[in-house]
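Structural overview
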Amino acid sequence: MSATTYATLQDGMRIYKNKNSVDVPLIDLPSLLFDSEHSLAEDNSPLHVSASNTNIFLTKTTLRALTERIAHFLRTTFGIGAQGPYKDVVVMCSNLQPAAPAAFWGIIAAGGVFSAASPSFTPEELARQIKHGKSRVLIISKDKIEVGKKAAQLAGLGLDRVVVLESDPSWEFRTLEGGQRTDTVNGPRLGWKKVTDLEELKRSLIVLLYSSGTTGVPKGVMLSHYNIVSQLFIPSVHNRKHVADSVARGEPAPSPYRTLAHVPIAHIAGVQGYLINPMFSNGTVYWMDKFVWSKFLQYFKELKITGFWTVPSIYLRIAKDPAVTDQFNHVETAMTGAAPMDKELQNAANTKIGRGTVKIGSTWGLSETTGAVTAMPRGASDTTGSLAPVLPNMELRIVDDAYNDVPSGHPGEIIVRGPFVTNGYYDNPEATEATFHDGWFLTGDIAIERDGKFYIVDRKKELIKYKGLQIAPAELEGVLTSHGEIEEAAVVGVPVEGGSEVPRAYVVRRKGSRLGEEEIKSFVRGKLAEYKQLRGGVRFMDELPKNAVGKLLRRELRDKARAEEAGVKSRL
């Protein structure tokens, strides 16, 4: 059993929880970070810096000033928050830029609801999010003006309600039409409402994130002050104590935290890691405007990045790309999440980070849990591919389809409850009701518990059933990517007669490889049981379909497989 996670029987349920608990401050998010003793950033601490031009930056003091000026502009120009907080959704579709946090805080300070849209959205997708949130304001970066114009037209939004946000060469916040702008240097300011009432903190709505849509139509995940403050504060208690104890023992203090923003802020990891955490931990975020692999490597080395969170597909590239040499030598902490990472990939990537001394820590969670439910505590490590221990104040179960707890070592769906869990989906009571059972949130992730550690098997809807036996795509993918000539692989089920499915692999070969289908099948045959073989065949691709944060779009591959099968049948 893990040192920090234990199982307890309660009301006939097998509940996994952390041995510690934490008292969460009863305070709103802006007050926690700008005004409380819990926030470590000093007034002149550089928090947000352009990676390409480090002369462009925001300190805590200048971030506050810009935040309050944006809040005043939103309130007086558009009436955001004028009828009370938690009602007015503001959609933001922006590249990665150091002004983005000021817009985030400005929306919340005005009493609005921050709703980030993926920068990869088409106008139709962006318009759908605007209409779903009933938003009356759209904020865009300069490179999204054409997309923003078309989306506004589709959503019935006037261009005088489309605001351009820019950091370079100067801080800018202006309407696309109508000539409205805020004076970012000397303009009037609006402070936020301080909240200390527990019930209001819990029922508040300040962030609206949309699920990735890999398994269906995206839904708006509602996050409150209490959700985000809990997610921020609870892990910090152990981590700060660990650092203090280490220094007291004469060990060197960690280097100042520097990270590189490369995950979109439409993802919970981007919201937490770039918009919120830096002020809390006195860290610096260097913002690259968009993800480019060569620039990613360059900035890690030049800026001496000391900590980062990224998705397994990026770690796969770090592990396999010969161009990766010393770029990650300054890294002291590395985390992953969003998709399962097996121990082979974890250990391979470990050799490239921090001169081989840093162990990648895993986190597991969803937008609906405000990020991590499990996380590796500072000072601990695990190289078995597990999810890491459950965080304090959260509870976790593994259940079957009838919500009965499964025995240790048996697969089941993870369900959770605690302060991180969303109040539900925006304007969608049916989806909210379907995703909760007796107060427990149904994650849809299938896991196995072994010796107090949790291992993701797959998504509930992604399991392949062959003659009544379950095949986990993640297991097959782990085997495939262990082949030296395979860069990436994804597996989906292909329906066959009798109601079964057979697994089909979509493979990206390494440059120059001529690896063939039969060689791959033979490789898998030597490693997995007979029922797990690639009866659906192997298809080769130049690139796997992924969303903006690098998460595999398995649904697109399923659609591709169906189209391929339909084509075969039409020729018979």
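This text follows the structure it describes.
Residues numbered from 1 in each chain as written. Predicted model: local features only at pLDDT ≥ 70, side-chain atom pairs only at ≥ 80, totals over all residues. Heavy atoms only, no water.

Counting its secondary structure elements, the protein chain contains 15 helices and 27 strands. Here the C-alpha radius of gyration of the protein chain, 24 Å, is about what a compact globule of 572 residues would show, namely 25 Å. Taking the principal axes of the C-alpha coordinates as reference, the protein chain spans close to 70 × 65 × 50 Å. Relative to its full complement of 572 residues, the protein chain shows a buried share of 58%. (Helix = DSSP H or I, 4+ residues; strand = E, 2+ residues; numbered from the N terminus. Rg over C-alpha atoms; globule rule 2.2 N^0.38 Å. Buried < 20%, exposed > 50% of the residue type's maximum accessible area, 1.4 Å probe, protein only.)

Next up on the list: the nonpolar core. Of all hydrophobic cores here, the largest spans 144 residues; its most connected members are Phe-114, Ile-276 and Phe-328. Element by element, the count of residues in this core is highest for helix H3 (residues 100-110), at nine residues. Among all residues touching Phe-114, those that are not within four sequence positions of it are Val-90, Met-92, Phe-104, Ile-107, Ile-206, Val-207, Leu-208, Ile-265, Val-271 and Leu-275. (Core = buried A, V, L, I, M, F, W, Y, C linked by side-chain atoms within 4.5 Å. Contact = heavy atoms within 4.5 Å.)

Pairing is mixed in the open sheet, where three strands are placed in the order S25-S26-S27. On the outer flanks of this sheet lie strand S25 (486-495) and strand S27 (538-540), each paired with one strand and no other. Mean inter-strand twist for the sheet, computed between neighbouring axes without regard to direction, equals 25°. Pairing analysis gives nine bridges linking S25 to strand S26 (residues 501-509), with the strands arranged antiparallel. From the neighbouring strand, Glu-488 faces S26, where its bridge partner is Val-508. (Pairing = 2+ DSSP bridges. Axes fitted to C-alpha atoms, helices over the stretch in contact; angles between N-to-C directions.)

Below, the discussion takes up the side chain of Ser-246. As for its position among the elements, Ser-246 is in helix H7 (residues 225-248). Side-chain polar atoms of Ser-246 contact the backbone oxygen of His-242, separated by 2.8 Å. (Polar contact = N/O pair within 3.5 Å; in protein donor to acceptor, adjacent residues only side chain to side chain.)

In terms of burial, strand S21 (residues 440-450) is a largely internal element, 10 of the 11 residues being buried. Looking at chain direction, strand S19 (residues 412-417) and S21 are connected through four bridges and run antiparallel. Pairing of Gly-412 across the sheet is with Ala-447, part of S21. Of the strand pairs in this sheet, strand S20 (residues 436-437) and S21 are connected by two bridges, and their pairing is antiparallel.

Let's shift gears to the pairing of strand S13 (residues 284-287). Side chains Thr-284 and Tyr-286 of S13 all project onto a buried face; the interleaved residues Val-285 and Trp-287 project onto the opposite face, where all are buried too. In the sheet, strand S12 (residues 258-261) pairs with S13 via four bridges, with the strands oriented parallel. Across the sheet, residue Arg-258 finds its bridge partner in S13, namely Thr-284. Between the parallel pair S12 and S13, the chain is carried across by helix H8 (residues 268-281), and the sense of this crossover is right-handed. (Right-handed = clockwise from strand over helix to strand, strands pointing away.)

Taken in spatial order, the four strands line up as S14-S15-S16-S17 in an open sheet, and their pairing is mixed. Of all the strands in the sheet, just strand S14 (307-310) and strand S17 (371-375) have a single pairing partner and so form its edges. On average, each strand axis in the sheet is inclined to that of its neighbour by 30°, with strand direction left out of account. Pairing between strand S16 (residues 361-366) and S17: four bridges, direction antiparallel. Following the sheet pairing, Trp-364 is matched in S17 by Thr-374. With respect to the sheet, helix H10 (residues 312-320) is in contact with S14 and strand S15 (333-336), its orientation differing from that of S14 by roughly 115°.

With respect to burial, H3 is a largely interior element, 11 of its 11 residues being buried. Those residues of H3 that fall on the buried side of the exposure criterion are Ala-100, Pro-101, Ala-102, Ala-103, Phe-104, Trp-105, Gly-106, Ile-107, Ile-108, Ala-109 and Ala-110. Residue Gly-111 follows H3 closely and has a positive phi angle near 100°.

As a further point, take the environment of Ser-230. Here Ser-230 is to be found in helix H7. It is 6.5 Å that separates the C-alpha atoms of Ser-230 and Phe-420, two residues lying 190 residues apart in sequence. The residues touching Ser-230, leaving out its near neighbours within four places in the chain, are Val-24, Pro-235, Pro-419 and Phe-420. Among the polar contacts made by the side chain of Ser-230, one reaches the main-chain carbonyl oxygen of Tyr-226 at a distance of 2.7 Å.

Moving on to unusual backbone geometry. The omega torsion across Asp-168 and Pro-169 is 10°, close enough to zero to call that bond cis. If you trace the backbone, Pro-169 turns up in the loop between strand S8 (162-166) and strand S9 (172-175). A positive phi is found at Ala-388, a non-glycine position, where the angle reads about 85°. Looking at where Ala-388 falls in the secondary structure, it is placed in the loop between S17 and strand S18 (395-399). Unlike most non-glycine residues, Asp-438 shows phi in positive territory, near 50°. Its place among the elements puts Asp-438 in the loop between S20 and S21.

To continue, consider the environment of Gly-452. Positionally, Gly-452 belongs in the loop between S21 and strand S22 (453-459). Given the relative accessible area of 4%, Gly-452 is considered buried. C-alpha separation for the pair Gly-452 and Ala-388, spaced 64 residues apart in sequence, amounts to 9.4 Å.

Take the packing of aromatic side chains next. As enumerated under the stated definition, the model contains 18 aromatic pairs in all. Centre to centre, the rings of Phe-34 and Trp-192 are 5.2 Å apart; their planes meet at 40°, and the pair counts as tilted. Highlighted residues: Phe-34 in helix H1 (residues 29-35) and Trp-192 in the loop between S9 and helix H6 (198-203), separated in sequence by 158 residues. The same class applies to Phe-34 and to Trp-192, which are both buried. Taken together, a centroid distance of 6.5 Å and an interplanar angle of 50° make the contact between Phe-291 and Trp-293 tilted. What makes Phe-291 partly exposed here is its relative accessible area of 31%. According to the relative accessible area criterion, Trp-293 is buried, its value standing at 10%. (Phe/Tyr/Trp six-rings, centres within 6.5 Å; stacked < 30°, edge-to-face > 60°.)

The next thing to look at is the packing of helix H13 (residues 473-481) against helix H14 (residues 517-525). At a minimum axis separation of 10 Å, H13 and H14 run at an interaxial angle of 115°. Considering the angle they form, H13 stands roughly perpendicular to H14. As for the relative orientation of H13 and H14, their crossing is right-handed in sense. Seen from H13, the contacting residues are Leu-476, Val-479 and Leu-480; seen from H14, they are Ile-520, Phe-523 and Val-524. Tallied by class, the residues present in the contact of H13 with H14 amount to six nonpolar, no polar and no charged. (Parallel < 35°, antiparallel > 145°, perpendicular 65-115°, else oblique. Left-handed = near helix turned anticlockwise from the far one by under 90°. Nonpolar A, V, L, I, M, F, W, Y, C, P; charged D, E, K, R; others polar.)

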